[in-house]
Amino acid sequence: MSRVSTGPSSKPTAAHALLARLRDHGVEKVFGVVGREAASILFDEVEGIDFVLTRHEFTAGVAADVLARITGRPQACWATLGPGMTNLSTGIATSVLDRSPVIALAAQSESHDIFPNDTHQCLDSVSIIAPMSKYAVELERPHEITDLVDSAVTAAMTEPVGPSFISLPVDLLGSSEGIDAEAERPLARTPGKPIGAVQDGWEQAADEAAELLKTARHPVLVVGAAAIRSGAVPAVRALAERLNVPVITTYIAKGVLPHGHELNYGAVTGYMDGILDFPALETLFGPADLILTVGYDYAEDLRPSMWQKGAEKKTVRVSPTANPIPRVYRPTVDVVTDVLAFVEHLDAATVSLEAKERHDIEPLRARVAEFLADPTAYEDGMRVHQVIDSMNTVMEEVAESGEGTIVSDIGFFRHYGVLFARADQPFGFLTSAGCSSFGYGIPAAMGAQLARPGQPTFLIAGDGGFHSNSADLETIARLNLPIVTVVVNNDTNGLIELYQNLGHRRSHDPAVKFTGVDFVALAEANGVEATKAADRQELLAALRKGAELGRPFLIEVPINYDFQPGGFGALSI
Ligand code: TP9
Ligand code: MG
């Protein structure tokens, strides 16, 4: 039990109690931008919780998302009323669609002056945020703030994990009415891992899954992030190794098996056949007769249509939530329970089962290896696969075994990252699958570097996405976070140009083309050292320099994509 601490002369307020309660729940950081509510709250009054000033509230939301994702504990973000709150909303959308336990906080007009759409800067925050959050509430009585934080944390930590929102009228935030500095706060019961649904009779469903596994010739485990959140990664790995079952992951669950593991058949994206100019999805899923989707979550963008190739398949869906999408995925067996409990049950039910014969994906691996080794010195800019291969090389050199994070912003290059980027630990590759807001890169890299201070963090971002949110270069410089950023620059919203080509067999320049940004000068103007690299040798040297620097570093790489009007291959989306 702890008490609300205050300065010697001031009385405790709801603001004190809020910060103290967040701290009780293990929140370490509040990322955000403060407005006039600064008159009612001082963020350094509670020990053990730091405020991190960002340049944009979206950055605050995503940084909190990633720090929460990696630490497994809730983290917080902050905005002022009105436009601050709406700016924060895309960060909140990221944590609902990408499943992260974020406590989002925004100031509101004085409680006697809440006339949404009439009072200066006053919007109906709870109505705006409610549909994209697990819990959304406005503080009405100052002394209830502790209870509201408890409810927010419980909702955020319940599967599917996601954001909770508390709107804070500034007068109530600064009020001490009913707040007793001497009163002991109840114990904060922060869930150690997310709370999930457990369906009555799940063990029988798990036994049915075990029977399917026994008779399957070529089973495949398809793993999503709920498996990571449930602490099932070592158990999944042990089961896969014992039964020789390959593991395929969503974007988000890369790293469940380390990069070079024989059973790691990789992460999949609907763009992979087109990128590789190879029937990759057919190779990965065609021979499989049983797909065990473990911690499956449709929001991670691995769609059932991707595995519906070749042989007829049975499917098992294991998830801590009831199936929200029977229209697109109606499994043969549905097991609603904790993922770790399921894997342990399956393990026990198959102890005498012989190892399976894996289906062969050597032609795909050979294609990937050949593609990544591409020695061509392109005159019109590097190719993204060469960039990611260089990042992998240096990451392997500089990271301790099982460490390091590669972060990807959103753009066409992201799908190359999903396919090729190293991930040697869970959440060793970070991108936004569910929300996919461009500009995700800098804040996600911030969250990763803060969560893993001793480990290298590499960020790949496109010119379009990066410059939509590049003001927070100053934030990483101010915090001195040793993030190595690679901006792949084609002066184009390249992914959108691809869609124009697909839809119209031509590109319409004004909708996708920029006139160019000097990213080296931009970085330097924000206090980040930077250089340009035009080929593999220059990029490798720059990455090595950046990784050794101990400060943020940016590398601009002119790139180009090879798709021709109407020419890009199949999209499975
Ligand atoms: N607005 C937001 C907030 N998010 C997204 N995802 C879009 C619009 C639509 N996407 S992915 C993309 C857009 C406009 C363009 C990315 O361009 P880039 O230069 O960052 O990457 P690249 O390599 O595809 O050119
Ligand atoms: Mg671009």
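Preceding block: the structure.
Keep in mind the model is a prediction, meaning the values are calculated, not measured.

Conventions we followed
Residues numbered from 1 in each chain as written. Chains lettered and ligands numbered in written order. Predicted model: local features only at pLDDT ≥ 70, side-chain atom pairs only at ≥ 80, totals over all residues. Heavy atoms only, no water. Phe/Tyr/Trp six-rings, centres within 6.5 Å; stacked < 30°, edge-to-face > 60°. Helix = DSSP H or I, 4+ residues; strand = E, 2+ residues; numbered from the N terminus. Buried < 20%, exposed > 50% of the residue type's maximum accessible area, 1.4 Å probe, protein only. Lys NZ or Arg CZ within 6 Å of the ring centre and 35° of its normal. Donors = N, O, S within 2.8 Å, 3.2 Å for Na, K, Ca; no water. Pairing = 2+ DSSP bridges. Axes fitted to C-alpha atoms, helices over the stretch in contact; angles between N-to-C directions. Near = heavy atom within 4 Å. Polar contact = N/O pair within 3.5 Å; in protein donor to acceptor, adjacent residues only side chain to side chain. Areas by Shrake-Rupley, 256 points an atom, 1.4 Å probe, with all protein chains shown as cover. Contact = heavy atoms within 4.5 Å. Salt bridge = Lys/Arg side-chain N within 4 Å of Asp/Glu carboxyl O. Core = buried A, V, L, I, M, F, W, Y, C linked by side-chain atoms within 4.5 Å.

## Brief notes about the packing of aromatic side chains
Then step 1. A full pass over the atoms with the stated rule returns 12 aromatic pairs.
Then step 2. For the pair Phe-43 and Trp-78, a centre-to-centre distance of 5.1 Å together with 85° between the ring planes defines the contact as edge-to-face. Taken together, the residues span a long stretch of sequence, with Phe-43 in the loop between strand 1 (29-32) and strand 2 (50-53) and Trp-78 in strand 3 (residues 75-79) at a distance of 35 residues. For the pair Phe-43 and Trp-78, a shared accessibility class is recorded, and that class is buried.
Then step 3. Judged by centre distance (5.9 Å) and plane angle (75°), the ring pair of Tyr-296 and Trp-307 falls under edge-to-face. Of the two residues, Tyr-296 sits in the loop between strand 10 (290-294) and helix 12 (304-307) while Trp-307 sits in helix 12, which places them 11 residues apart along the sequence. This pair shows no difference in class: Tyr-296 is buried, exactly as Trp-307 is.
Then step 4. Each residue in the set Tyr-271, Phe-371, Phe-412, Tyr-416, Phe-420 and Tyr-561 is aromatic and connected to the rest through ring pairs, giving one cluster.
Then step 5. When the ring centre of Phe-427 is taken as origin, the NZ or CZ atom of Arg-69, which lies over that ring, is 5.8 Å away.
Then step 6. Seen from the ring of Phe-429, Lys-254 lies directly overhead, with NZ or CZ sitting 5.4 Å from the centre.

## Details of the coordination of the magnesium ion (ligand 2)
Then step 1. Protein-derived ligands of the magnesium ion (ligand 2) are Asp-463 (OD), Asn-490 (OD1) and Thr-492 (O), with the metal-ligand distances lying across 2.1 to 2.2 Å.
Then step 2. Of note, the magnesium ion (ligand 2) draws all its donor residues from one chain, in the sequence arrangement D-x26-N-x1-T. Of the two residues, Asp-463 is situated in helix 18 (residues 463-468) and Asn-490 in the loop between strand 16 (483-489) and helix 20 (494-504); the sequence distance between them amounts to 27 residues. With respect to class, Asp-463 is no different from Asn-490; both count as buried.

## A look at the sheet that holds strand 1
Then step 1. What the six strands build is an open sheet, ordered 2-1-3-4-6-5; its pairing is parallel. Only two strands of the sheet have a single partner each, and these edge strands are strand 2 and strand 5 (135-138). Sheet twist, expressed as the mean angle between neighbouring strand axes with direction ignored, is 20°.
Then step 2. One ladder, built from six bridges, connects strand 4 (residues 102-108) with strand 6 (residues 164-169); its direction is parallel. Residue pairing for strand 6: Ala-106 is matched across the bridge by Ser-167.

## A few points about the site of ligand 1
Then step 1. In the neighbourhood of ligand 1, 18 residues make up the surrounding shell, with Phe-412, Gly-464, Gly-465, Gly-494 and Tyr-561 lying closest.
Then step 2. The contact in question runs from an oxygen atom of ligand 1 to an N or O atom on the backbone of Gly-465, over 2.7 Å.
Then step 3. The backbone of Leu-495 places a nitrogen or oxygen atom 2.9 Å from an oxygen atom of ligand 1.
Then step 4. Protein contact buries 78% of the 590 Å² of open area that ligand 1 shows by itself.
Then step 5. Broken down by secondary-structure element, the contributors of at least two residues to the shell around ligand 1 are helix 16 (412-420), helix 18 and helix 20.

## Topic: helix 20
Then step 1. Within helix 20 the residues assigned to the buried category are Gly-494, Leu-495, Glu-497, Leu-498, Gln-500 and Asn-501.
Then step 2. In this fold, the buried residues of helix 20 make contact with helix 16 and helix 21 (509-512).
Then step 3. A positive backbone phi angle near 60° is found at Arg-505, which sits one or two residues after helix 20.

## Some words on the pattern of salt bridges
Then step 1. Scanning all chains against the criterion turns up 33 salt bridges.
Then step 2. The salt bridge involving Lys-545 is made with Glu-529; its shortest N-O contact spans 3.1 Å. Linking Lys-545 in helix 23 (residues 536-549) with Glu-529 in strand 17 (residues 529-532), this pair joins segments that are 16 residues apart in sequence.

## Quick notes on the environment of Ile-460
Then step 1. Checked against the element boundaries, Ile-460 lands in strand 15 (residues 457-462).
Then step 2. For the pair Ile-460 and Leu-139, spaced 321 residues apart in sequence, the C-alpha separation works out to 40 Å.
Then step 3. Among all residues touching Ile-460, those that are not within four sequence positions of it are Val-387, Ile-388, Met-391, Val-407, Ser-408, Asp-409, Phe-413, Val-486 and Val-488.

## Overview of the sheet that holds strand 7 (residues 219-223)
Then step 1. With respect to topology, six strands assemble into an open sheet ordered 9-8-7-10-11-12, the strand pairing being parallel. Unpaired on one side and paired on the other, strand 9 (264-267) and strand 12 (333-336) mark the two borders of the sheet. Taken pair by pair, the neighbouring strands of this sheet meet at an average axis angle of 15°, ignoring direction.
Then step 2. With three bridges connecting them, strand 7 and strand 8 (residues 247-249) associate as parallel partners. Paired with Val-223 across the two strands is Thr-249, which belongs to strand 8.

## Notes on the nonpolar core
Then step 1. Counting 150 residues, the largest nonpolar core has Val-387 and Ile-555 as its most contacted members.
Then step 2. A per-element tally of this core places helix 2 (residues 57-71) first, with eight residues.
Then step 3. In this structure, Val-387 is in contact with Met-382, Ile-460, Val-486, Val-488, Leu-539, Val-557 and Ile-559, ignoring residues within four places of it in sequence.
Then step 4. Residues Ile-41, Leu-105, Ile-145 and Ile-179 belong to the second largest nonpolar core, which totals 33 residues.

## Overview of the pairing of strand 18 (residues 553-558)
Then step 1. By the criterion of burial, strand 18 is predominantly enclosed, with five of the six residues buried.
Then step 2. Relative to strand 18, strand 16 is paired through six bridges, and the arrangement is parallel. From the neighbouring strand, Val-486 faces strand 18, where its bridge partner is Ile-555.
Then step 3. Here four bridges tie strand 17 to strand 18, and the two strands are oriented parallel to one another. Its bridge partner lying in strand 18, Glu-529 is registered against Phe-553.

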